[in-house]
Amino acid sequence: MHTLRYLDPVSSQTLRHGIEEWKRAEGADGDAAQNVPEDLVDRINLHDAIHVLFACPTDLRGEIAAHVWTAVGTTMTMRNMHDVNQHRDHRQVLSEIGYVNLAATWVRAIPTVIAILWRSRSMNKLWPAHDYQYYLDCRLCDLRSVYGVHVLGVKRRQVGRGGAALRWVKSA
């Protein structure tokens, strides 16, 4: 198995190419327009960019890491995050994952959460998440350097359906 390139702390991929790789790993390449409710498309794309910039894997623990990085390493507010989390499709995905499984994964992720909190303290500035489209053609290594993002190391390919699961749920 190979490690996804965007997970490399010094990846020279652009943010755009990292997002494309992330979507392929999720099995979500090209599906957003067809499956994601229109009011979530831009927010999901922003979330994908956060996964890539902060080198969060595609499994459920990577999803948790992306949420923590969003809260402490970007300009997103808790209100912005709450809006997505309260969307009926997001709640449906959480119920499919199972609240017990989700809670257990959060508990197992405590060391990762602590590491992210510690690393976020050394960031130069918060990443302006709402302007993510401006950074699509910037290299990940450059963005990580400018913002002082020190990603966690990932030793193996971690692929799951933690994040893209929302892409596959259609609103009723």
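A.B. asks: So what's going on with the side chain of Arg144? Which residues, and what values?
C.D. replies: Along the polypeptide, Arg144 turns up in helix 9 (residues 140–147). The side chain of Arg144 sits in the buried core without any salt bridge; Asp8 is the nearest counter-charge, 6.0 Å away. Setting aside anything within four residues of it in sequence, one finds Arg144 in contact with Tyr6, Asp8, Pro9, Val10, Ser11, Val52, Leu53, Ala55, Val149 and Val151.

A.B. asks: Summarise helix 9; cite the residues concerned and give the values.
C.D. replies: Every buried residue of helix 9 is listed here: Leu140, Cys141, Leu143, Arg144 and Tyr147. Mapping the buried residues of helix 9 onto a view down its axis gives an arc of 165°, with all of them on the same face. Gly148 lies just past helix 9 and shows a positive phi near 70°.

A.B. asks: Summarise the packing of aromatic side chains; cite the residues concerned and give the values.
C.D. replies: Counted under the stated rule, the structure contains four aromatic pairs. A centroid spacing of 4.6 Å and a plane angle of 20° characterise the contact between Phe54 and Trp69, whose relative ring orientation is stacked. In this pair, Phe54 sits in the loop between helix 3 (41–53) and helix 4 (60–73) while Trp69 sits in helix 4, placing the two residues 15 residues apart along the sequence. According to the relative accessible area criterion, Trp69 is buried, its value standing at 1%. Between Tyr135 and Tyr147, the aromatic rings sit 6.1 Å apart at their centres with planes inclined by 85°, giving edge-to-face as the arrangement. Residue Tyr135 is found in the loop between helix 8 (110–120) and helix 9, and its partner Tyr147 is found in helix 9; the two are separated by 12 residues along the sequence. Residue class for Tyr135 comes out buried when judged on its relative accessible area of 11%.

A.B. asks: Any details on the packing of helix 7 (residues 99–108) against helix 8? Residues and values, ideally.
C.D. replies: Relative orientation of the contacting elements helix 7 and helix 8 amounts to 55°, with a least axis distance of 4 Å. Between helix 7 and helix 8, the angle falls in the class oblique. Of helix 8, the residues touching helix 7 (which contributes Trp106, Val107 and Arg108) are Ile110, Pro111 and Val113.

What counts, and at which threshold
- Residues numbered from 1 in each chain as written.
- Predicted model: local features only at pLDDT ≥ 70, side-chain atom pairs only at ≥ 80, totals over all residues.
- Heavy atoms only, no water.
- Helix = DSSP H or I, 4+ residues; strand = E, 2+ residues; numbered from the N terminus.
- Buried < 20%, exposed > 50% of the residue type's maximum accessible area, 1.4 Å probe, protein only.
- Lys, Arg positive; Asp, Glu negative; His and termini not counted.
- Salt bridge = Lys/Arg side-chain N within 4 Å of Asp/Glu carboxyl O.
- Contact = heavy atoms within 4.5 Å.
- Arc of directions from axis to C-beta.
- Phe/Tyr/Trp six-rings, centres within 6.5 Å; stacked < 30°, edge-to-face > 60°.
- Axes fitted to C-alpha atoms, helices over the stretch in contact; angles between N-to-C directions.
- Parallel < 35°, antiparallel > 145°, perpendicular 65-115°, else oblique.

Take it as geometry only, folks, not as evidence of what the structure does.
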